[in-house]
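Descriptive analysis of the structure
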Amino acid sequence: MKKVFLSLLFVLAAASATFAAQAARNPETARWEQVARNVTITRDDWGIAHVYGKTDADAVFGMIYAQAEDDFNRVETNYINAMGRLSEAEGEAKIYQDLRMKLFIDPGELKKQYAASPEWLQRLMNAFADGLNFYLLMHPEVKPRVIKRFEPWMALSFTEGSIGGDIERINLAQLEAFYGRVPVSANISADDDEVEEPTGSNGMAVAPSNTAGHHALLLINPHTSFFFRSELQMVSDEGLNAYGAVTWGQFFIYQGFNDRAGWMHTSSGVNAISEYLETVEKKGDRFYYKYGKEERPLEMKTISLFYKTGEGMAEKKFTVYRTSHGPIVREADGKWVSIRLMQEPVKALTQSYTRTKAKDYKSFRQTMELHTNSSNNTIFADADGNIAYFHGNFIPRRDTSFDWTKPVDGSNPATEWHELLSIDETPHLLNPKSGWLYNSNNWPWSAAGQSSPKKEDFPVYVETRGESARGLHAIRVLQDKGDFTVDSLIAAAYDSYLTWFEKPIPCLVKAWDDSPADSPLKAKVAAQIALLRAWDFRWGVTSVPTSLAVFWGQDIQKRVGDDAKKAGMYVSDYICTKAPAEMLLQSLADASDKLAADFGTWKTPWGDINRFQRLTGDILQPFNDAGPSIPVGFTSSVWGSLASFGARPYPATKKWYGTSGNSFVAAVEFGDKVRARAVTAGGESGHPASVHFNDEAQRYSTGNLREVYFYRSQLQGHTEREYHPGN
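What counts and what doesn't
- Residues numbered from 1 in each chain as written.
- Predicted model: local features only at pLDDT ≥ 70, side-chain atom pairs only at ≥ 80, totals over all residues.
- Heavy atoms only, no water.
- Helix = DSSP H or I, 4+ residues; strand = E, 2+ residues; numbered from the N terminus.
- Rg over C-alpha atoms; globule rule 2.2 N^0.38 Å.
- Buried < 20%, exposed > 50% of the residue type's maximum accessible area, 1.4 Å probe, protein only.
- Contact = heavy atoms within 4.5 Å.
- Areas by Shrake-Rupley, 256 points an atom, 1.4 Å probe, with all protein chains shown as cover.
- Lys, Arg positive; Asp, Glu negative; His and termini not counted.
- Charge placed at Lys NZ, Arg CZ, Asp CG, Glu CD.
- Pairing = 2+ DSSP bridges.
- pLDDT = per-residue confidence, 0-100.
- Axes fitted to C-alpha atoms, helices over the stretch in contact; angles between N-to-C directions.
- Parallel < 35°, antiparallel > 145°, perpendicular 65-115°, else oblique.
- Left-handed = near helix turned anticlockwise from the far one by under 90°.
- Polar contact = N/O pair within 3.5 Å; in protein donor to acceptor, adjacent residues only side chain to side chain.
- Salt bridge = Lys/Arg side-chain N within 4 Å of Asp/Glu carboxyl O.
- Phe/Tyr/Trp six-rings, centres within 6.5 Å; stacked < 30°, edge-to-face > 60°.
- Lys NZ or Arg CZ within 6 Å of the ring centre and 35° of its normal.
- Core = buried A, V, L, I, M, F, W, Y, C linked by side-chain atoms within 4.5 Å.
- Disulfide = S-S within 2.5 Å.

Details of the overall build of the protein
Scanning the protein from terminus to terminus reveals 21 helices and 30 strands. A compact globule built from 727 residues would reach a C-alpha radius of gyration of about 27 Å, and the protein, at 27 Å, matches this within 12%. Its C-alpha atoms give the protein principal-axis dimensions of about 90 × 80 × 55 Å. When burial is assessed residue by residue, the protein has 59% of its 727 residues classed as buried. Within the protein, residue pairs in contact and separated by at least 24 positions form 68% of the contacts whose partners lie at least 6 positions apart. For the protein, the computed accessible surface area is about 29,500 Å², with 52% contributed by carbon and sulfur atoms. Separation between the mean location of the 78 positive side-chain charges and that of the 89 negative ones in the protein comes to 2 Å.

Dropping the structure here:
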C-alpha cells in the first residue's frame, strides 16, 4: 500500500512539475486556471455534463471544455470543415468542399467582425477559445489534426448549429466542374450526399388546455446523423440555465429548454437562397457581367488551399469570381450562376446564444427579430402556457412574378432582394385554438389543424415543400386528444403507425385480387398478400409485415419515383392510379426474393434486419454483422414513422444499420418547475472505452427516455464525479 502511495505521489509530482513548466512557458495558463476555478462540471450517472459558472463566459469555458473531453475530434472537425481546411487533414479529395466554404468564410473578415462585435459577445468567444486551448494544454496526448490553437473569431465561422448549413446546399460536383474545368459526369458527388439534411425532425407543442397538468408541453426530436450533438446543461449566476443538444464545438444550446421556455428547430422548406443567371463576357483579361444597362466587372480573388499528401502539404490556387449577388458556383445553359444567401455571422451567433436565455414568448420573439435562423422553423413553448410556431426566420421580399425555385435573370434589377419579411408577414402561430401545433419538415399549412396558417395569405416563396406521410401522422396523434402528459407525448412521438402505407398496401392487395386466378405471379405472392392484408400498418421488432412492406416500398419507389415526380404526384398516389397491377405484384415478388436472399426467408422479423450498432468513435461508423448490435422497431421517416431510423445495408453487411434519424429526444413540461425526460443515441461519450459510449443504446432503441436532472437537487444520488476543468 505504501509503495502504491509513493508511486501516486511521484506521478502527481511529475504532473505538477510538467504543469509548472507549461505555465512558465505560457503566461495564459494562470488566467485559464483562474477561470477554471470559477467553473464546476458535474457529470451525472449518464456522463452528461452539468456546467456551473459565475458568469456566462465561465459557463462557456466549462461547457466547451466538457465537449472536448467527450469528443474533441468532432469539435475540431466541425471547425476544420467550417473554415474550409478539411483537405489539410484528409487530402486532396476534400479540396472542393473546402473551396465551397472559402467562397464565404474569410478569416480576415471574421477577425474584423469579431473586433467590432459587442463586448459581451467577445467575452463569450474569448471563453470558447480559452476553454479549448486549456483542454489541449491539459491533454498533451490529444493531437489536433489541423487546429493547434483556437482563436475567438473562429466561433463566427460556425454560428447556427443546423446539420446542413446554407453554404452546403451548393452542389460540389457542379462547383468542381466550373472551377476545376472537368465535366460534371466525371465527378463523384458522395460529399453532397453526406451533408444533405436527413428527412426528419419533429417539433410538437401542446397547450395547457390539452394537458392533464394544465402546463404547456414541448417535444424536441431532431433527426440528424447520429452523434452529431452533445447533450449538456450550462448554468451561470448571470441568469443562464439551459439544457439540451449542442452541436459539437458551439457554445450555445441549439435545441433545448431553460427553466421557463423551450425551443425546437425543424428544417424549413422556405426559399431563403437565390441563384442568378449571370450574362458574362470577357474583355481583355477581365470578365464583365450585365446588370440592367450596365456592364460591371466581376470581382476576382485568389483562394489558396492546402491539402495533405504522402510527402507533406501541397497547395492549390483558384481564381474565383463574384457578382453583386454573390460568388459564382456553377455554369448552366451557357451562363454563369451566382448564389445569394444570408451572411450575418455576428447577428446569427447573437441570436443563437440569446434565445437560450429567453424566458417567455415576448423575449424569445425579440431574438427572432434578428432574422438569422435562416434554414429552420421553430416550435416554442413556455411556462406561461404559450405555444408558438415561427416559420423560416430569414425571408427576403421578392417579386413574385419570378419563379424563385429556379435561377433568375441576374441582369434584371427586378430580381433583387428587398427588405426581410417581418415575423407577422410569415407563417406564424401563437396559441392556436387547436391547442397543439407541430412541424415535421413539411409545409406549415397543417401545423395546427383547422387553426393553421393559410397558404393563400403568403408569397409563394415562403414555402417550397408539400405535405408528408410524417406530417399526416403528427396530425393523427395530436388532434382530438386532451389530457396529454409527458409520458403520453413520448408515446405519441413513438407511435408505430406507418402512414405512407395506408394507400399503397390496399392498392397492392386489390391488384392481387383483380389478377387472373391462373397467374403464376399471383400464386407466388399469395402468402405475402395474405399477411399484408391483415397488417395494421404498425412497425415492431417482431413484425414480418413491416419487413415485407419496407422492402416492397423501396422497390416500387425505385420503379415509379421518377415518373411520379414528372407527373407532379405523390408516389403513393401514383402507385394507386398510374402503376400497372402487374408491376405492383412483380415488385412484391422481387422484394420477397431480396429478403430471402439476404436473410434466408422473406418471413424475417423487422428487428432481425433493422439494427443499431456503435463499435468505434469514428465519425463515419464501420458496420459488421458479426459485431454486437440491437434491434430497432421504428423505421425511416419516409414511411411516416415519427420516430425515425435511417438505416441501410453496407457493402459487407446484410443487416441494415442506422446512421441518422432520432438523435436526441426530449419531452418537456413547463410549470412552476420544469420537468423533462430525454435520450441520446448511443451515449454521451465518443470514447469506446467509456461506460457512457453506448449506455443509452437500449433506451434509445425502445424509446425509454430517462429523467433529466435539471436542478442540482436532482443530481443528489446521481452524480458520478464533480470537478473543475483541468483537475
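A few points about the pairing of strand 22 (residues 436–439)
Of the two faces of strand 22, the one holding Trp436 and Tyr438 and the one holding Leu437 and Asn439 are both buried throughout. In this sheet, strand 22 lies alongside strand 3 (residues 202–206) in antiparallel orientation, the contact comprising 4 bridges. Bridge pairing in strand 22 places methionine 204 opposite tyrosine 438.

Re the confidence of the model for the protein
Looking at the protein, the pLDDT average stands at 93 and 94% of residues meet or exceed 70. For the stretch residues 186–198, pLDDT sits under 50, and the model shows 28 contacts to residues farther than four places along the chain or on other chains.

A word on the sheet that holds strand 27 (residues 664–670)
Pairing is antiparallel in the open sheet, where 6 strands are placed in the order 22-3-4-27-28-29. The open sheet has two edge strands, strand 22 and strand 29 (706–707), and neither has a second partner. Pairing of strand 27 with strand 28 (residues 675–680) involves 6 bridges; the strand directions are antiparallel. Note that in strand 28 the partner of phenylalanine 664 across the bridge is threonine 680. Contacting strand 3 and strand 22, helix 12 (residues 469–478) crosses the sheet at an angle of about 160 degrees to strand 22.

Comments concerning the packing of helix 3 (residues 56–82) against helix 7 (residues 119–138)
It is at 8 Å that the axes of helix 3 and helix 7 come closest, and there the two elements cross at 60 degrees. Accordingly, the angle class assigned to the pair helix 3 and helix 7 is oblique. The two elements helix 3 and helix 7 cross, and the hand of that crossing is right-handed. Across the interface between the two elements, Asp56, Ala57, Val60, Phe61, Ile64, Tyr65, Ala68, Glu69, Phe72, Val75 and Tyr79 of helix 3 pack against Arg123, Leu124, Ala127, Phe128, Asp130, Gly131, Leu132, Phe134, Tyr135, Leu136 and Met138 of helix 7.

Remarks on the sheet that holds strand 16 (residues 328–332)
In space, the 4 strands of this open sheet follow the order 16-17-10-20, with mixed pairing throughout. Unpaired on one side and paired on the other, strand 16 and strand 20 (408–409) mark the two borders of the sheet. Strands strand 16 and strand 17 (335–340) of the sheet are contacted by helix 8 (residues 172–179), whose axis makes an angle of about 85 degrees with strand 16.

Structural notes on the environment of histidine 687
With respect to the element layout, histidine 687 can be found in the loop between strand 28 and helix 21 (697–702). For histidine 687, a relative accessible area of 36% puts it in the partly exposed group. If we ignore the near neighbours within four places in the chain, the residues touching histidine 687 are Glu69, Asp70, Asp71 and Phe693. Of note is the side chain of histidine 687, whose polar atom sits 2.8 Å from the backbone oxygen of glutamate 69.

Focus: the side chain of serine 452
Here serine 452 is to be found in the loop between strand 22 and helix 12. Note on serine 452: relative accessible area 5%, which makes it buried. There is a polar contact of 3.5 Å between the side chain of serine 452 and the backbone oxygen of tryptophan 445. Within the structure, the side chain of serine 452 is placed 2.8 Å from the backbone nitrogen of alanine 448, a separation counted as a polar contact. Discounting residues that sit within four places of it in the chain, serine 452 has contacts with Leu429, Pro444, Trp445, Ser446 and Ala447.

Regarding unusual backbone geometry
Not every positive phi belongs to a glycine, and histidine 214 is a case in point at roughly 55 degrees. Mapping histidine 214 onto the fold places it in the loop between strand 3 and strand 4 (216–221). You will see that phenylalanine 227, though not glycine, has its phi angle at about 65 degrees, which is positive.

Concerning the pattern of salt bridges
Counted according to the given criterion, the structure contains 38 salt bridges. With its nearest N and O atoms 3.4 Å apart, the salt bridge here joins lysine 301 to aspartate 106. With a gap of 195 residues between them, lysine 301 in strand 14 (residues 299–309) and aspartate 106 in the loop between helix 5 (95–102) and helix 6 (107–116) connect regions that are remote in the sequence. A salt bridge links lysine 524 to aspartate 593; the shortest N-O distance between them is 3.0 Å. Within this pair, whereas lysine 524 is found in helix 15 (residues 520–524), its partner aspartate 593 is found in helix 19 (residues 581–599), the two being separated by 69 residues in sequence.

A look at the packing of aromatic side chains
Under the defined criterion, the tally for this structure stands at 54 aromatic pairs. We note arginine 398 situated over the ring of tryptophan 404; from NZ or CZ to the ring centre the distance is 5.4 Å. One cation-aromatic arrangement involves arginine 614 over phenylalanine 227; the distance from NZ or CZ to the ring centre is 3.8 Å.

Description of the nonpolar core
Counting 75 residues, the largest nonpolar core has Met204, Tyr494, Phe501, Ile505, Leu508, Trp552 and Phe612 as its most contacted members. Look past the residues within four positions of tyrosine 494 in its chain and what remains in contact with it is Trp539, Phe634, Ala643, Asn662, Val665, Val679, Gly703 and Leu705. If you look at the next biggest cluster of nonpolar residues, it comprises 70 residues, including Ala36, Met125, Trp263 and Leu349.

Section: the side chain of histidine 223
Within the secondary structure, histidine 223 sits in strand 5 (residues 223–225). There is a polar contact of 3.0 Å between the side chain of histidine 223 and the side chain of asparagine 662.

Focus on the state of the cysteines
Scanning the entire structure with this criterion turns up 1 disulfide. A disulfide bridge connects cysteine 507 with cysteine 576, and the sulfur atoms are separated by 2.0 Å. Taking the torsion about the sulfur-sulfur bond, which here is approximately 105 degrees, the covalent link between cysteine 507 and cysteine 576 counts as right-handed. Remark: cysteine 576 occurs in helix 18 (residues 571–577) and cysteine 507 occurs in helix 14 (residues 504–514); sequence separation between them is 69 residues. For cysteine 576, a relative accessible area of 30% corresponds to the partly exposed category.

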